[in-house]
Amino acid sequence: QPPSVSALTLGVESRAPRETHGGFAGRCVALASRTLGRDLDMALECAAASDESKAGSAPAGKDGSGRCLADRTGGTGNGGQVDAYYRSKLLLRYLAQLAGLGIVSLADDGP
């Protein structure tokens, strides 16, 4: 449950010893962000972006056509797609609750 996980994240961040748990919330947000991208691709039945797509070209599908699986199959999904949708939904809720607690903000504090 995201409210419980958000409270746990806040509790560890604020109460745990800094020597052993410093930056815990930041690590949780970083992991959630990486997982969210993968799950959104899976939920939308799109192949994950390849290194070529990061350079500006369109990502290629599994068959090399550049189309998502949904385009090639008419949108038929599977259990993995549904699981990815719910994981994405819960991760977005988790990040929103962390924002409400003041752990996540729109300000870019990164390097």
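Each value, and the rule that gives it
- Residues numbered from 1 in each chain as written.
- Predicted model: local features only at pLDDT ≥ 70, side-chain atom pairs only at ≥ 80, totals over all residues.
- Heavy atoms only, no water.
- Helix = DSSP H or I, 4+ residues; strand = E, 2+ residues; numbered from the N terminus.
- Buried < 20%, exposed > 50% of the residue type's maximum accessible area, 1.4 Å probe, protein only.
- Contact = heavy atoms within 4.5 Å.
- Areas by Shrake-Rupley, 256 points an atom, 1.4 Å probe, with all protein chains shown as cover.
- Phe/Tyr/Trp six-rings, centres within 6.5 Å; stacked < 30°, edge-to-face > 60°.
- Expected span 1.5 Å × (residues − 1).
- Arc of directions from axis to C-beta.
- pLDDT = per-residue confidence, 0-100.

**With respect to the overall build of the protein chain**
Then comes step 1: Scanning the protein chain from terminus to terminus reveals 6 helices and 0 strands.
Then comes step 2: Going from N to C terminus, the protein chain has its helices and strands arranged as α-α-α-α-α-α.
Then comes step 3: Within the protein chain, the proportion of its 111 residues that are buried is 21%.
Then comes step 4: A separation threshold of at least 6 residues defines the contact pool for the protein chain, and within that pool the share at least 24 residues apart is 64%.
Then comes step 5: Just so you have it, the protein chain exposes about 7,500 Å², and 59% of that area is on carbon and sulfur atoms.

**Focus on the environment of Val104**
Then comes step 1: Looking at where Val104 falls in the secondary structure, it is placed in the segment after α6 (79-100).
Then comes step 2: Filtering out sequence-adjacent residues up to four positions away, Val104 remains in contact with Val29, Leu95, Leu98 and Ala99.

**Quick look at the packing of aromatic side chains**
Then comes step 1: Counted by the stated rule, this structure contains 1 aromatic pair.
Then comes step 2: A ring pair is formed by Tyr85 and Tyr86, whose centres lie 5.0 Å apart and whose planes are at 75°; its orientation type is edge-to-face.

**Considerations on helix α3 (residues 24-43)**
Then comes step 1: Spanning 20 residues, α3 covers 28 Å between terminal C-alpha atoms, matching the ideal 28 Å at 1.5 Å per step.
Then comes step 2: Looking at α3, one finds that the buried residues are Ala25, Cys28, Val29, Ala32, Thr35, Leu36, Asp39 and Ala43. Down the axis, α3 shows its buried residues gathered within 140° of arc, on one side only.
Then comes step 3: Glu45 lies just past α3 and shows a positive phi near 60°.

**Points about the confidence of the model for the protein chain**
Then comes step 1: Of all residues in the protein chain, 66% have pLDDT values of 70 or greater, and the mean over the chain is 75.
Then comes step 2: When the elements of the protein chain are averaged for pLDDT, helix α4 (residues 51-54) gives the smallest value, 42, and α3 the largest, 89.

**Section: the side chain of Ser88**
Then comes step 1: When you line up the elements, Ser88 lands in helix α6.
Then comes step 2: Judged by its relative accessible area of 4%, Ser88 falls in the buried class.
Then comes step 3: Setting aside residues no more than four positions away along its own chain, Ser88 makes contact with Leu36, Asp39 and Leu40.

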